[in-house]
Amino acid sequence: MTTSKSFEDIPLRADDLPEYRLTRYLPQDDAVRPAMLVVPGGGYNSVCMATEGWPIADRFQALGFQVFILTYHVNPHHFPQPQHDLQRAIRLIRHNAKSWQVNPDNVALVGFSAGGHLCACAATGVIPPCTVQDEADSCDDRPNAVLLAYAVISFNSLSYAHIGSAKNLLGDRFEEFKNILSLQNSVNESSCPAFLWHTLEDTVVPWQNSLLYAEAMAKHHIPCELHLYPSGPHGMTLGYGRQDIAQWPELAKTFLRVTCGFRFPEERSRGTIALTFDDAVANHLTYVAPILEKYGFGATFFITRFNDEWRAEHSDTLLTAAQIRELHDCGFEIANHSWSHPDLRKLSQEEIQQEITRLQEFLTEAGIPAPTTFAYPGGPFAENAVPLLKQAGFTLARSVEHRPWAPATDDPMNIPAIPLQNGKDGDFYRALMQASEGRIPVLVFHGVPDTVHPWVDTPPENFAQYMKYLHDNNYKVVALRDLVSG
Ligand SMILES: [Zn+2]
């Protein structure tokens, strides 16, 4: 079954026996994928590679993961040796993420029975620090999610504890560690999300183990999904012959994708969204930019300085030249929104020229290349400004028009955009629904929050939700300049 697969064995540590190893399936294409590290069970007395190793790795490889299998220390080796093996394996995966084509922020573990206990140790962070041997040991040892199949969780509950695993792991230190390694007690705010399943007929490790863990997760408000199947003994692995149980790997993948934000290269993009931020609010740098960076989103920031009195009064909420430069250095598009934010339709050609030029000079002085994207102050299209904008080298200009942009037919000097304000969630989701082939919703945000212009406010928690939604639903999120073809 595994002979046609190509894989390599990597010793966990240079100075240890090669039997304690990470088995890595070689990638089947060039894509970067989430990692799935398989941790077989065996009651901390053996490692069941034949049933809970190879077939599981095959299944998750077919589901689009880069897969690994851990062979760890068992009795007569005791706590924390198996835990240190798993910790090391997670770090090796992150350390080699680039050459192994793994997304280091999408590292999941799948553990069975006692292997589930081992995974939950990593998920809850009860693994004591190991001595640092090399660079890999400085990598984060917390998985991004765990899948726990009929897992041992409790070592101390009278009726549910799996004492065999506990004794094998702890030897004569059972009393000392049984409480902290009853992992429902060790779940905390920084534990990672978990997907659990169990059968109600399991007499080896009772289903209450999974329930105890799920309860602890819910108590700490950490995402958790629990499936209890009505029948089947302990050790159903991939649920062979059972249509209900056999679905859990797909359900787990959906959990990782939807709840944990894991990304798979074969998912089609739901559409393209352009993000724009107006009026140079300071929280564009302090609050918005880190979220955009986390998701790898592009965005255009439209800079304006308003008039002198306004600027003097609101200097603490307005981006400084240095802060704008910081946004530029992060890779975001910095664009021109006029110097003082007047209604251009009411200005003479000379005045318009001044508004454009003064802001260009301000940005140049800050070390930012002259923008080629403009936004009409206040929103309405100012046709009288177009010749001057073109002359000054602008190739795109955004207005506000409550409909998606159609690059093939719309005038690039009058790009319609959809304003989002007052935390009206419906506007955001309606705007996304308009994304399609050739239709790009250009979203307009102001301050997040906007204390100076409360009528265009976006509450930070809504904004964080919007960005997570765009990420989880695989939208392509770009700056306006990214949409200039050719
Ligand atoms: Zn504005």
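Residues numbered from 1 in each chain as written. Predicted model: local features only at pLDDT ≥ 70, side-chain atom pairs only at ≥ 80, totals over all residues.

## Remarks on the overall build of the protein chain
The number of helices and strands found in the protein chain is 15 helices and 16 strands. The principal-axis extents of the C-alpha atoms in the protein chain amount to approximately 85 × 40 × 40 Å. Counting over 486 residues, the protein chain shows a buried share of 44%. Taking contacts inside the protein chain between residues at least 6 apart in sequence as the whole, the part at least 24 apart equals 72%. (Helix = DSSP H or I, 4+ residues; strand = E, 2+ residues; numbered from the N terminus. Buried ≥ 20, exposed ≤ 12 C-beta atoms within 10 Å, placed from the backbone. Contact = placed C-beta atoms within 7 Å.)

## Examining the sheet that holds strand β2 (residues 21–25)
Pairing within the open sheet is mixed, and its eight strands lie in the order β1-β2-β4-β3-β5-β6-β7-β8. Of all the strands in the sheet, the pair left with one neighbour each is β1 (7–11) and β8 (224–229). Geometrically, the sheet is characterised by an average inter-axis angle of 20° between neighbouring strands, direction not taken into account. Here β2 pairs with strand β4 (residues 66–71) via four bridges, running antiparallel. (Pairing = 2+ DSSP bridges. Axes fitted to C-alpha atoms, helices over the stretch in contact; angles between N-to-C directions.)

## Focus: the pairing of β4
Of all the six residues making up β4, six are buried; the element is thus mostly covered by neighbouring parts of the structure. Neither face of β4 is exposed, since Q66, F68 and L70 on one face and V67, I69 and T71 on the opposite face are all buried. Relative to β4, strand β3 (residues 33–39) runs parallel, the two being bridged by four bridges. What sits directly across from V38, in β4, is I69.

## Concerning unusual backbone geometry
Following N75, the chain continues into P76 via a peptide bond in cis, with omega recorded as 15°. Among the structural elements, P76 can be located in the loop between β4 and α3 (81–95). Phi at Y44 is positive, roughly 55°, even though this residue is not glycine. Positive phi, close to 35°, is recorded for Y150, a residue that is not glycine. Locating Y150 in the fold gives a position in the loop between β6 (145–149) and α5 (163–170).

## Re the packing of helix α9 (residues 283–295) against helix α15 (residues 460–472)
Two elements in contact, α9 and α15, have axes whose closest approach is 10 Å; the angle formed by their N-to-C orientations is 15°. Here α9 is positioned roughly parallel relative to α15, judged by the angle of their axes. In the crossing of α9 with α15, the sense of the turn from one axis to the other is right-handed. The segment α9 lies against α15, with Y287, I291 and Y295 engaging P460, A464, M467 and H471. Considering only residue class, the contact of α9 with α15 consists of six nonpolar, one polar and no charged. (Parallel < 35°, antiparallel > 145°, perpendicular 65-115°, else oblique. Left-handed = near helix turned anticlockwise from the far one by under 90°. Nonpolar A, V, L, I, M, F, W, Y, C, P; charged D, E, K, R; others polar.)

## Let's talk about the domain arrangement of the protein chain
If you check the domain split of the protein chain, you get domain 1 (7–259) and domain 2 (271–483). One C-alpha centre belongs to domain 1, the other to domain 2; they are set 45 Å apart. (Domains from an automatic or database assignment.)

## What about the packing of α9 against helix α11 (residues 321–329)?
Contact geometry of α9 with α11 gives a least axis separation of 10 Å together with a crossing angle of 20°. In this view, α9 runs roughly parallel relative to α11, as classed from their interaxial angle. α9 and α11 meet at a crossing whose hand is left-handed. Within the contact between the two elements, α9 uses H284, L285 and A289 and α11 uses Q323, E326 and L327.

## Re helix α2 (residues 54–62)
All of the buried residues along α2 are I56, A57 and F60. The buried residues of α2 occupy one face: seen down the axis, they fall within an arc of 100°. Along its buried surface, α2 packs onto β2, β3, α1 (49–52), β4, β5 (102–112) and α8 (248–259). Just beyond α2, the residue with positive phi is G64, at close to 105°. (Arc of directions from axis to C-beta.)

## Here's the deal with the pairing of β8
A regular strand carries its side chains on alternate faces of the sheet. Examined bridge by bridge, strand β7 (residues 194–199) and β8 share six bridges and lie parallel to one another. Bridging across to β8, A194 finds its partner in C224. Handedness of the crossover joining β7 and β8 through helix α7 (residues 208–219): right-handed. (Right-handed = clockwise from strand over helix to strand, strands pointing away.)

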